[in-house]
Amino acid sequence: MNVLLDNADVYWRAIVGTIGLFVVSAIGSLVLGTLIAGLRVSPVPILRSFGGLYVTLLRNTPLTLVLFFFAFAYPRLELVEFSFFTLACIGLTLYTAAFVCEVVRSGINTVPVGQAEAARALGFTFTQTLGQIVLPQAVRAVVPPMTNIQIALLKNTTIASGFAVFQLGSVYNVLSERGYNVMVGLLWIAAIFVVLVVPLTVLQRRLDAKWGVAR
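Scoring rules and cut-offs
Residues numbered from 1 in each chain as written. Predicted model: local features only at pLDDT ≥ 70, side-chain atom pairs only at ≥ 80, totals over all residues. Heavy atoms only, no water. Patch = residues over 30% accessible without salt bridge, like charges linked within 9 Å, V, L, I, M, F, W, Y side chains within 5 Å. Areas by Shrake-Rupley, 256 points an atom, 1.4 Å probe, with all protein chains shown as cover. Salt bridge = Lys/Arg side-chain N within 4 Å of Asp/Glu carboxyl O. Helix = DSSP H or I, 4+ residues; strand = E, 2+ residues; numbered from the N terminus. Buried < 20%, exposed > 50% of the residue type's maximum accessible area, 1.4 Å probe, protein only. Contact = heavy atoms within 4.5 Å. UniProt positions renumbered as here; feature names shortened; annotations may be inferred. pLDDT = per-residue confidence, 0-100. 1 Å grid on protein atoms, 1.4 Å probe; cavity = no way out; pocket = protein on both sides within 12 Å on 5 of 7 lines; lining within 4 Å. Points joined across faces, edges and corners; volume = space filled by probe spheres on them. Nonpolar A, V, L, I, M, F, W, Y, C, P; charged D, E, K, R; others polar. Phe/Tyr/Trp six-rings, centres within 6.5 Å; stacked < 30°, edge-to-face > 60°.

## Thoughts on a nonpolar patch on the surface
Right, so step 1: On the surface, Ile19, Val23, Ile27, Val31 and Leu35 cluster together to form a nonpolar patch covering roughly 440 Å² of accessible area.
Right, so step 2: Residue position: Ile27 is located in helix 2 (residues 8-40).
Right, so step 3: Judged by its relative accessible area of 53%, Ile27 falls in the exposed class.

## A short note on the side chain of Ser25
Right, so step 1: Relative to the helices and strands, Ser25 resides in helix 2.
Right, so step 2: A relative accessible area of 0% places Ser25 in the buried class.
Right, so step 3: If we ignore the near neighbours within four places in the chain, the residues touching Ser25 are Cys89, Leu92, Thr93 and Leu153.

## Considerations on the UniProt feature "transmembrane region" (unreviewed entry) in the chain
Right, so step 1: Under the local residue numbering, the UniProt record ascribes the feature "transmembrane region" (unreviewed entry) to residues 12-39, 51-74, 80-101, 153-174 and 180-203.
Right, so step 2: Taken as a whole, residues 51-74 contains 83% helix and 0% strand, while its terminal C-alpha atoms sit 23 Å from one another.
Right, so step 3: Annotation note: span residues 80-101, helix share 82%, strand share 0%, distance between end C-alpha atoms 27 Å.

## Here's the deal with the confidence of the model for the chain
Right, so step 1: Per-residue pLDDT for the chain averages 82, and the proportion of residues at 70 or more is 87%.
Right, so step 2: The element-level mean pLDDT for the chain is lowest in helix 1 (residues 2-6), coming to 66, with helix 3 (residues 45-59) highest at 92.

## A short note on the layout of surface pockets
Right, so step 1: Approximately 380 Å³ is the volume found for the largest pocket.
Right, so step 2: Lining the largest pocket we find 18 residues, and of these Leu30, Met146, Thr147, Gln150 and Leu207 sit closest to its centre.
Right, so step 3: Elements that contribute at least two residues to the lining of the largest pocket include exactly helix 2, helix 7 (126-156) and helix 9 (182-214).
Right, so step 4: By residue number, the principal contributor to the lining of the largest pocket is helix 7, which donates 8 residues.
Right, so step 5: For the lining of the largest pocket, the class distribution of residues is 14 nonpolar, 4 polar and no charged.

## With respect to the pattern of salt bridges
Right, so step 1: The full count for this structure, using the stated rule, is 2 salt bridges.
Right, so step 2: Across the salt bridge formed by Glu102 and Arg105, the nearest N and O atoms sit 3.0 Å from each other. A residue pair is termed a helical-turn pair when its members lie 3 or 4 positions apart in one helix, as Glu102 and Arg105 do in helix 5 (residues 84-110) at 3 residues.
Right, so step 3: Residue Glu102 is classed as buried on the basis of its relative accessible area, which comes to 15%.
Right, so step 4: When its relative accessible area of 25% is taken as the criterion, Arg105 is described as partly exposed.

## Some points on the packing of aromatic side chains
Right, so step 1: Considering all chains together, one arrives at 4 aromatic pairs under this definition.
Right, so step 2: Summarising the aromatic geometry, the rings of Phe69 and Phe70 are spaced 5.2 Å apart at their centres and angled 85 degrees between planes, so their arrangement reads as edge-to-face.
Right, so step 3: Ring geometry for Tyr95 against Phe99: centres 5.2 Å apart, planes inclined by 55 degrees, an arrangement best described as tilted. Separated by 4 residues within a single helix, Tyr95 and Phe99 lie in helix 5, roughly one turn from each other.
Right, so step 4: For Tyr95, a relative accessible area of 14% puts it in the buried group.
Right, so step 5: Look at Phe99 and you get partly exposed, because its relative accessible area is 26%.
Right, so step 6: Three or more aromatic residues joined by ring pairs make a cluster, and in this case those are Phe69, Phe70, Tyr74 and Phe82.

Quick look at the structure:
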């Protein structure tokens, strides 16, 4: 307990950094992943090919390499200058969006084809059909796997510690410098992650219960 109390300021800054990375990346990946999923089911071949290429490339690239690119290679391109925090969010968003895309696409495939055909018969465009008919139903089917992806994203934020972004994965360095027991400090980090994951799990169960009754 002394490790936690004596370094409460460090843990607090790390928690804030982790939550910040998670919230920004979670929102970004949900939006981008849904857009890519729309491309993957698009009637336009070139858009489907682009969506497939994006998913194949990002899903099969280690997250460490993605963050390595944004932390070290991107600044050498001398484009728009961003902070390390912003670059870490971009890397996490792009990486996680590939997994979000596949989950959303699997949810879209659970919606009966007849509903999309009926929408087209009524004059709906592809975008209207997807946004107003298909996606609202697909969301109900993807809550459990989507929650798992967001939990994985929360844990993946620790990788950003190697790229000058201070969050929970960085705490052990400070503890080591201050001479505290690093193993005990890491156990507290594990406990904090459990606490952070609980709200996601509770939200998933509530949505499942609510939409399960609706179905």
